[in-house]
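Topology and contacts: notes
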Amino acid sequence: MAMPPERCRICGEPYCGQFDQPFQCASCRDRSFAFDFAVSRYRNAGLVRDMVHRLKYQQQRWLRDPLGRMVAAAISEDPRIELPGKAVLVPVPAHRIRLRERGFNQARELALVAGKELAIPVFDCLVRLLPTPRQTRLNRSQRLANLEGAFGPRRGFFCPSPTRLNDCTVILVDDVLTTGATTHHAALAILQLAQPKSIIVATATRA
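Please read these numbers as outputs of a predicted model, since none were measured by experiment.

Considering unusual backbone geometry
The bulk of non-glycine residues show a negative phi, and the bulk of peptide bonds are trans. The phi angle at Gln59 is positive, at roughly 55 degrees, despite the residue not being glycine. With respect to the secondary-structure elements, Gln59 resides in the loop between helix 2 (46-57) and helix 3 (64-76). By relative accessible area, which is 37% here, Gln59 ends up partly exposed. In this model, Asp167 sits at a positive phi of 65 degrees, which is unusual for a non-glycine residue. Its location among the elements puts Asp167 in the loop between strand 4 (151-153) and strand 5 (169-177).

Right, here's the structure in full:
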């Protein structure tokens, strides 16, 4: 299901009805995100929800292509994102335990496809430090607490310098946005490393 035009200008939560101007939902008014706003291409329901699950849990990696193009469409169709420009895609990292289970990080796979579609470089600069429990069974406050200190800089001789993010539009890429807790903490990690122009979240679907 495609996202309707009536949605929260921060988290992208869709709403029924018509609005004369961009609005902010009650959930976003109660908290501050470390990212500027989030964009998604589809609601996380039906066929696209099934595609996300098959990619993540059944290792059907061919689905990275249509889902990655959804991320690219969410970015290119939002008038607030100026392209071309000094922009980079940063995939939300998976913990090494999850990588061993799954064999890949779906966010990185989607970022690579979207980056090719949009001619935007992918900057894999974050690492997941903590093997946090799955977020699907947690409420918003539990998700936020669950992710404290979960992300940090990727270190190593061949890792690019985080200062390359300075003055860039950093676009955090993931498969699904639910409460925004994961991307909020990933954005906090970026802000500890560099001084980007802005941080935007782009996902294939919005739960």
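A short note on the packing of helix 3 against helix 5 (residues 106-118)
Running from N to C, helix 3 and helix 5 cross one another at 55 degrees; their axes reach a closest spacing of 8 Å. The angle between the axes of helix 3 and helix 5 places the two elements in the oblique class. Helix 3 and helix 5 meet at a crossing whose hand is right-handed. Contact residues: helix 3 offers Arg64, Asp65, Leu67, Gly68, Arg69, Val71, Ala72, Ile75 and Ser76, while helix 5 offers Glu109, Leu110, Val113, Ala114, Glu117 and Leu118.

Structural notes on the packing of aromatic side chains
In the structure shown here, the tally under the stated rule is two aromatic pairs. With 5.2 Å between their ring centres and 75 degrees between their planes, Tyr15 and Phe23 make a pair best called edge-to-face. With centroids separated by 4.6 Å and ring planes inclined at 20 degrees, the aromatic side chains of Phe33 and Phe35 adopt a geometry described as stacked. Residue Phe33 is classed as buried on the basis of its relative accessible area of 15%.

As for the sheet that holds strand 5
Pairing between the strands of a sheet is mediated by backbone hydrogen bonds and can be parallel or antiparallel. In space, the four strands of this open sheet follow the order 1-6-5-2, with parallel pairing throughout. Whereas interior strands pair on both sides, the edge strands pair on one side only; in this sheet they are strand 1 (37-43) and strand 2 (87-91). Averaged over neighbouring strand pairs, the angle between their axes works out to 25 degrees when direction is ignored. Bridge count between strand 5 and strand 6 (residues 198-206): eight bridges; the pairing is parallel. The residue of strand 6 that forms the bridge with Val176 is Thr205. Across the sheet, helix 2 is in contact with strand 1, strand 5 and strand 6; its angle to strand 5 comes to roughly 95 degrees.

Concerning the packing of helix 2 against helix 3
Interhelical geometry of helix 2 versus helix 3 gives an angle of 125 degrees and a closest axis separation of 10 Å. Considering their axes alone, helix 2 and helix 3 lie oblique with respect to each other. Between helix 2 and helix 3 lies a crossing whose hand is left-handed. Together, Val48, Met51, Val52 and Leu55 of helix 2 and Arg64, Pro66, Leu67 and Met70 of helix 3 make up the contact between the two elements. Within the contact of helix 2 with helix 3, the residues separate by chemical class into seven nonpolar, no polar and one charged.

Let's talk about the environment of Leu67
Along the chain, Leu67 falls in helix 3. Residue class for Leu67 comes out buried when judged on its relative accessible area of 1%. For the pair formed by Leu67 and Gln24, sequence separation is 43 residues and the distance between their alpha carbons is 27 Å. Setting aside residues no more than four positions away along its own chain, Leu67 makes contact with Met51, Val52, Leu55, Leu110 and Ala204.

A closer look at the pairing of strand 2
Burial of strand 2 is extensive: five of the five residues sit out of reach of the surface. Burial of strand 2 is two-sided: the residues Ala87, Leu89 and Pro91 facing one way and the residues Val88 and Val90 facing the other way are all buried. The sheet contact formed by strand 2 and strand 5 spans five bridges and is parallel. Among the inter-strand pairings, Ala87 is bridged to a residue of strand 5, identified as Thr169.

Basis of the calculations
Residues numbered from 1 in each chain as written. Predicted model: local features only at pLDDT ≥ 70, side-chain atom pairs only at ≥ 80, totals over all residues. Heavy atoms only, no water. Helix = DSSP H or I, 4+ residues; strand = E, 2+ residues; numbered from the N terminus. Buried < 20%, exposed > 50% of the residue type's maximum accessible area, 1.4 Å probe, protein only. Axes fitted to C-alpha atoms, helices over the stretch in contact; angles between N-to-C directions. Parallel < 35°, antiparallel > 145°, perpendicular 65-115°, else oblique. Left-handed = near helix turned anticlockwise from the far one by under 90°. Contact = heavy atoms within 4.5 Å. Phe/Tyr/Trp six-rings, centres within 6.5 Å; stacked < 30°, edge-to-face > 60°. Pairing = 2+ DSSP bridges. Nonpolar A, V, L, I, M, F, W, Y, C, P; charged D, E, K, R; others polar.

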